[in-house]
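Observations on chain architecture
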Amino acid sequence: EVNELSRAEQAERLGDDLGAFLAAAAVDLDLSDPSVKREAAVLAARVRDELEQPGAWPTTVREALDSARRRGAIVAVRSTIPAPWPTQVNRLIISLLSATKSEKVTITIRATEESVSVRCVVNPPWSTQQGDNLKLAVAKQELATSVVIDTDDDSTMIDLNELR
């Protein structure tokens, strides 16, 4: 999936969402309500995402990020390559976020001259079932030639190599 919106359109949409939330907060939102605080945190993360990786967020990726954050996940996406990213990267981000519950998730997109890879570190560690579900999703979508999952007491590290 490619990013269907220009950077300016993404910034305008984010501004609209942020403006609507702030307008509602000024009038009738209970700022002590946990759901209101959660939505404010999601919007703050969206602003941070856009500042760190301008133009990198197709609607489906943005929705997956927002959904994971609403479940309580703390998500950071880093990249050594500029946006727009290859379609497989966006699909892998969605697959990784779909497997998360309320963990801290750091996704790093890396590139060499030969290939693009994605590394994801999750704290606390994933269950075996979460890892198996991810492997199944990656294989079913034919997203990567290699999926390596290493879990210790503190975290799970997932390497998705040689993206297709």
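What you are looking at is a predicted structure, and each value in this text was computed from that prediction instead of being measured.

In terms of strand pairing, strand β4 (residues 144–151) meets strand β5 (residues 156–163) through 7 bridges, oriented antiparallel. Bridging across to β5, valine 148 finds its partner in aspartate 159. Between β4 and β5, which follow one another and run antiparallel, lie 4 residues.

Our focus in this paragraph is unusual backbone geometry. With omega at -10°, the peptide bond leading from asparagine 123 into proline 124 counts as cis. Within the element layout of this structure, proline 124 appears in the loop between β3 (116–123) and α5 (128–141).

Glancing now at the confidence of the model for the chain. Per-residue pLDDT for the chain has a mean of 88; in total, 96% of the residues score no lower than 70. The least confident element of the chain is helix α1 (residues 7–27), whose mean pLDDT is 82; the most confident is strand β1 (residues 74–79), at 94.

Below, the discussion takes up the side chain of aspartate 159. Structurally, aspartate 159 is set in strand β5. Separated by 3.5 Å, the side chains of aspartate 159 and arginine 110 make a polar contact. In terms of polar contacts, aspartate 159 uses its side chain to reach the side chain of arginine 119, at 2.7 Å. In contact with aspartate 159, not counting residues within four places along its chain, are Arg110, Val118, Arg119, Ser146, Val147 and Val148.

Time to look at a negative patch on the surface. A surface patch of negative charge is lined by Asp150, Asp152, Asp153 and Asp154. Within the fold, aspartate 152 resides in the loop between β4 and β5. Aspartate 152 sits in the partly exposed class, given a relative accessible area of 45%.

Turning to the sheet that holds strand β2 (residues 104–111), a few remarks are in order. Here 5 strands make up an open sheet; going across it, the order is β1-β2-β3-β5-β4 and the pairing mixed. Of all the strands in the sheet, just β1 and β4 have a single pairing partner and so form its edges. Averaged over all pairs of adjacent strands, the angle between their axes in this sheet comes to 10°, without regard to strand direction. Across the face of the sheet, helix α4 (residues 87–99) comes into contact with β1, β2, β3 and β5 while running at roughly 155° to β5. Sheet strands in contact with α5 are β4 and β5, and its direction is about 175° off that of β4.

Considering all chains together, one arrives at 1 aromatic pair under this definition. With 5.5 Å between their ring centres and 90° between their planes, tryptophan 57 and tryptophan 85 make a pair best called edge-to-face. Taken together, the residues tryptophan 57 in the loop between α2 (34–52) and α3 (59–70) and tryptophan 85 in the loop between β1 and α4 connect sequence positions 28 residues apart. Taking the ring centre of tryptophan 57 as reference, the NZ or CZ of arginine 62 above it sits at 5.2 Å.

Definitions and limits used
Residues numbered from 1 in each chain as written. Predicted model: local features only at pLDDT ≥ 70, side-chain atom pairs only at ≥ 80, totals over all residues. Heavy atoms only, no water. Pairing = 2+ DSSP bridges. Helix = DSSP H or I, 4+ residues; strand = E, 2+ residues; numbered from the N terminus. pLDDT = per-residue confidence, 0-100. Polar contact = N/O pair within 3.5 Å; in protein donor to acceptor, adjacent residues only side chain to side chain. Contact = heavy atoms within 4.5 Å. Patch = residues over 30% accessible without salt bridge, like charges linked within 9 Å, V, L, I, M, F, W, Y side chains within 5 Å. Areas by Shrake-Rupley, 256 points an atom, 1.4 Å probe, with all protein chains shown as cover. Salt bridge = Lys/Arg side-chain N within 4 Å of Asp/Glu carboxyl O. Lys, Arg positive; Asp, Glu negative; His and termini not counted. Charge placed at Lys NZ, Arg CZ, Asp CG, Glu CD. Buried < 20%, exposed > 50% of the residue type's maximum accessible area, 1.4 Å probe, protein only. Axes fitted to C-alpha atoms, helices over the stretch in contact; angles between N-to-C directions. Phe/Tyr/Trp six-rings, centres within 6.5 Å; stacked < 30°, edge-to-face > 60°. Lys NZ or Arg CZ within 6 Å of the ring centre and 35° of its normal.

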